[in-house]
Amino acid sequence: VTAPSEPVRVLVADDNEAFLEATVRVVDGVSEFVLVGAVRSGEEAVEEADAAAPDMVLLDVRMAGIGGLEAARRIHARRPGVLVVLLTADSALADVVETDGVTVALDKRSLSRAAVAEQWRLHGRR
Amino acid sequence: VVTSQVLGAESVAAEEASFGRAVPRRLRYLLGLGILVGLYVGSAHIGFAFQFAGPVAAIVWLPVGVAISFLYLGGLQFWPGVVIGDLLVNDYSALPFGVAVAQSVGNLLEVVLAAYLIRRLVRHGSPLDRIESLAWMVVAIAVGTALSASVGVVSLLAGDVIETGLVGSIWRTWWLGDFSGGLILVPLAVAWWRPDFHLDRRRLAEGTLVVVAVVGLSEVAFRVHGSAAYIVFPALIWGALRFSQRGATLVIVIGAALAIWHTRHHSGPFAYHSITSSILATQLYIAVAALSMLCLTVLVAEREEIAQRLGASRAQALRAAELERRRIERNLHDGAQQRLLALGVHLRLSAEHAPDAAKLFESAESQLQLAIDELRDLAHGIHPTVLKDLGLADALRTIAARSTVPLELVELPAVRVDHETEVTAYYVVSEAISNAVKYARASWIRVRAAVVGGALEVDVVDDGIGGARENLGSGLRGLRERVETAGGTFEVQSPVGAGTHVAVTLPSGRAPFAG
């Protein structure tokens with residue numbers, strides 16, 4: 001059991017430079033979060049999830065290569081408890097992604113410090 | 001000697017290219033010669049046996065056709081077979097020696113010239129592939145056989161075998177007999193020499209009916225008095241239209257054989273008192289029938305080839321358009337869309353630092369959201385990426401969620417099918433819905449998509465004003481083209497005032513844009 005004061009370790013992955021930067025700023029802006037990695041593909045996210053042991057991964061759905069959905073599956077195969085927040089530009093996609101407690105979807109249009117913090121509060125565990 | 005050396009070089013290349021390793025070249029050549037001689041002599045004796053060919057004149061002189069076919073398909077190097085065959089066939093006791101030798105030389109030159117000309121003039125593919133090639137083949141046979149007729153008639157005249165007054169009619173009979181022999185047998189050989197035919201039971205039954213019709217109508221034509229020869233043509237046309245080159249060449253042979261048979265037995269429209277007139281009439285009938293059917297079957301083949309190419313290029317165009325849409329969509333998604341989304345995030349972060357300007361930030365953000373939505377809908381309309389990730393069922397759910405008219409998803413496919421099929425189905429549904437909303441003023445829409453057997457079935461029904469038409473340039477016409485290019489079926493029922501039903505079946509599991 002980790003001490004409550006310890007920050008939530010967050011990994012972010014997006015193949016778009018502009019949005020990755022925005023996501024990093026959001027994470028940096030939440031005091032209880034600490035950024036443990038920012039990568040640009042699903043494959044890198046899977047690798048980094050092994051190395052950096054994050055509690056939460058903010059994962060873009062649509063990336064070249066394996067993409068966010070497959071990356072989420074692989075991350076969960078190795079680390080079942082990690083909360084994966086799928087970020088999508090398509091609100092419809094956000095509606096239909098199956099949420100199972102460890103995978104949730106968030107529309108990129110509503111990405112903010114409050115939104116991410118709320119996802120952690122609702123679904124995060126460690 | 002010189003000739004055989006030159007032609008020998010050609011056969012070396014052929015040998016290396018094909019089955020030369022199994023049978024030694026020389027043996028293969030001798031075997032070919034033997035076959036040619038056998039066919040040449042055999043076909044001559046068919047003529048003698050059925051009395052349509054004599055030592056000088058024939059209604060149809062088959063050995064010419066046999067030899068031209070063999071030299072055209074097998075190679076000019078088999079020319080000695082023609083000489084041997086001719087020596088075995090000619091009756092040297094009936095003619096002065098010099099005349100007989102001249103005739104043999106004429107027969108050889110005729111065959112070599114015709115075969116050479118076909119090879120030379122028909123540059124690409126088979127002589128039966130296009131009308132131009134067919135015309136050149138006919139010219140080649142006509143020129144070659146005219147040479148033989150000329151040499152033969154001149155030698156007969158020089159040897160005092162015939163009188164000057166008969167030159168015209170003997171030349172004509174000779175030429176038409178040889179020409180018909182070539183015209184019947186060369187296309188037959190070209191069409192049939194590769195044994196790769198496969199007829200299913202139905203085609204076999206139809207083929208049998210064609211032959212029965214040709215024989216039956218010929219019997220009628222040649223048994224009744226008066227000029228009824230033309231009644232055979234519908235049966236010949238049937239064979240040529242439905243069974244392409246092989247059918248056409250076969251019915252020509254059957255039709256010609258029956259015409260000759262009846263004329264020789266003094267029945268039918270060509271049985272005149274004058275033998276010369278009978279022969280001429282029969283020859284002309286055979287030549288005209290053969291030429292007509294050959295033209296017909298070649299035109300059919302050309303039409304089929306053009307249709308095939310058209311289909312391929314349509315598929316190609318659709319595929320290119322599809323790739324272009326994907327590229328544009330990807331550019332929108334990766335570029336402007338992500339920047340605007342990032343801008344939104346920054347805007348919200350900034351708003352937290354400037355509580356005084358909350359109202360301004362709020363309005364800026366709502367404007368930005370509108371821009372993002374518009375851009376997203378635009379990109380989505382260009383190419384729905386949700387399809388690739390989540391499949392048709394979820395993509396249709398997103399359409400339903402966005403629809404401004406109540407939309408019921410009656411059934412959704414439980415399994416994924418190949419991507420191209422899903423894309424086509426998706427476009428069918430979105431286009432049909434957009435029509436229902438825009439033009440049909442529908443108040444409800446029902447969508448059904450299901451995988452049944454190996455096919456994806458899609459139905460879109462609305463309660464709109466109906467009366468939808470597939471006009472040129474209309475969305476429905478475009479959809480039909482898409483669906484049919486994918487190998488599917490497309491049906492629209494749209495009675496005025498009673499709604500519209502678009503029903504599509506797509507073969508799934510294969511790439512429809514493969515061309």
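Residues numbered from 1 in each chain as written. Chains lettered and ligands numbered in written order. Predicted model: local features only at pLDDT ≥ 70, side-chain atom pairs only at ≥ 80, totals over all residues. Heavy atoms only, no water.

Enquirer: So what about the overall build of chain B? Which residues, and what values?
Expert: Across its full length, chain B carries 16 helices and 5 strands. Going through the 515 residues of chain B one by one, you find that 45% of them count as buried. When the accessible surface of chain B is totalled, it reaches about 25500 Å², and 63% of it is carbon and sulfur. (Helix = DSSP H or I, 4+ residues; strand = E, 2+ residues; numbered from the N terminus. Buried < 20%, exposed > 50% of the residue type's maximum accessible area, 1.4 Å probe, protein only. Areas by Shrake-Rupley, 256 points an atom, 1.4 Å probe, with all protein chains shown as cover.)

Enquirer: Go over the pattern of salt bridges, please, and point to the residues and values.
Expert: Scanning the entire structure with this criterion turns up 30 salt bridges over all chains. R309 of chain B is the partner of E305 of chain B in a salt bridge, and the nearest nitrogen-oxygen pair spans 2.5 Å. Note that E305 of chain B and R309 of chain B are positioned in helix α11 (residues 275–353) at a spacing of 4 residues, about one turn of the helix. Overlapping salt bridges bring together D107 and R109 of chain A together with D373 and R376 of chain B as one network. (Salt bridge = Lys/Arg side-chain N within 4 Å of Asp/Glu carboxyl O.)

Enquirer: Summarise the packing of aromatic side chains; cite the residues concerned and give the values.
Expert: Residue and element names in this part refer to chain B. Applying the stated criterion to the full structure yields 8 aromatic pairs over all chains. Measuring from ring centre to ring centre gives 5.2 Å for F70 and F78, while their planes differ by 90°; the resulting arrangement is edge-to-face. Owing to a relative accessible area of 9%, F78 belongs among the buried residues under this scheme. Their ring planes at 85° and their centres at 6.0 Å tell us that F222 and Y285 sit as a pair that is edge-to-face. On the criterion of sequence distance, the pair formed by F222 in helix α8 (residues 201–223) and Y285 in helix α11 is long-range, its members being 63 residues apart. Site record: aromatic cluster; members linked through ring pairs are Y29, F70 and F78. Directly above the ring of F243 sits R203, whose terminal nitrogen or CZ lies 4.1 Å from the centroid. Over the aromatic face of W192 sits the side chain of R246, whose NZ or CZ is 5.5 Å from the ring centroid. (Phe/Tyr/Trp six-rings, centres within 6.5 Å; stacked < 30°, edge-to-face > 60°. Lys NZ or Arg CZ within 6 Å of the ring centre and 35° of its normal.)

Enquirer: Requested: an account of the sheet that holds strand β3 (residues 56–60) of chain A, with residues and values cited.
Expert: Consider a sheet: its strands pair through backbone hydrogen bonds, and that pairing is either parallel or antiparallel. Residues and elements named next belong to chain A. The parallel open sheet is built from 5 strands, whose spatial order is β2-β1-β3-β4-β5. Each having just a single partner strand, β2 (33–39) and β5 (103–107) make up the two edges of the open sheet. Taking the axes of each pair of neighbouring strands and ignoring which way they run, one obtains an average angle of 25° across the sheet. Note that strand β1 (residues 8–13) and β2 share 6 bridges and pair parallel. Paired with V8 across the two strands is F33, which belongs to β2. Its contacts with the sheet place helix α1 (residues 17–28) against β1, β2, β3 and β4 (83–88), and it is angled at close to 165° to β2. Relative to β3, helix α3 (residues 67–78) is tilted by about 155°, and along the sheet it contacts β3, β4 and β5. (Pairing = 2+ DSSP bridges. Axes fitted to C-alpha atoms, helices over the stretch in contact; angles between N-to-C directions. Contact = heavy atoms within 4.5 Å.)

Enquirer: Mind laying out the nonpolar core, listing which residues take part and the relevant values?
Expert: Residues and elements named next belong to chain B. The biggest cluster of nonpolar side chains holds 76 residues, and the ones touching the most others in it are V60, I68, L71, V82, I118, V214 and Y285. Among the elements that line this core, the one with the most residues is α11, at 10 residues. Apart from residues no more than four positions distant in its own chain, V82 is found in contact with L36, Y40, A67, L71, N107, L108 and V111. (Core = buried A, V, L, I, M, F, W, Y, C linked by side-chain atoms within 4.5 Å.)

Enquirer: So what's going on with the pairing of β5 of chain A? Which residues, and what values?
Expert: Residue and element names in this part refer to chain A. Burial analysis of β5 places 5 of its 5 residues in the buried class, which makes it a mostly covered element. The alternating pattern of β5 places T103, A105 and D107 and V104 and L106 on opposite faces, both of which are buried. Bridging between β4 and β5 involves 5 bridges; their strand directions are parallel. Paired with V84 across the two strands is T103, which belongs to β5.

Enquirer: Outline the interface of chain A and chain B, listing residues and values.
Expert: Taken together, the contact between chain A and chain B spans 22 residues of the former and 28 residues of the latter. Carbon and sulfur atoms supply 56% of the area buried between chain A and chain B, which totals about 2300 Å² over both sides. Run the count over chain A and chain B and you get 3 salt bridges. Between R62 of chain A and E329 of chain B there is a salt bridge whose closest N-O contact spans 2.5 Å. Taken together, the connections running from chain A to chain B amount to 8 residue pairs in polar contact (both at pLDDT 80 or more). Within the residue set of the side of chain A that touches chain B, elements represented by two or more residues are α1 and α4 (91–96) of chain A. Here the element with the most residues in the side of chain A that touches chain B is α1 of chain A; it accounts for 6 residues. Taken together, the residues of the side of chain A that touches chain B sort by class into 11 nonpolar, 4 polar and 7 charged. (Buried area = accessible area lost by both parts, 1.4 Å probe. Polar contact = N/O pair within 3.5 Å; in protein donor to acceptor, adjacent residues only side chain to side chain. Nonpolar A, V, L, I, M, F, W, Y, C, P; charged D, E, K, R; others polar.)

Enquirer: Outline helix α16 (residues 475–485) of chain B, listing residues and values.
Expert: Residue and element names in this part refer to chain B. If you check which residues of α16 are buried, you get L476, L479, R482, V483 and T485. Each element contacted by the buried residues of α16 is listed here: α11, α15 (419–438), β4 (489–493) and β5 (500–507). Directly beyond the C-terminal end of α16, a positive phi value near 85° is found at G487.

Structural measurements only, silent on function.
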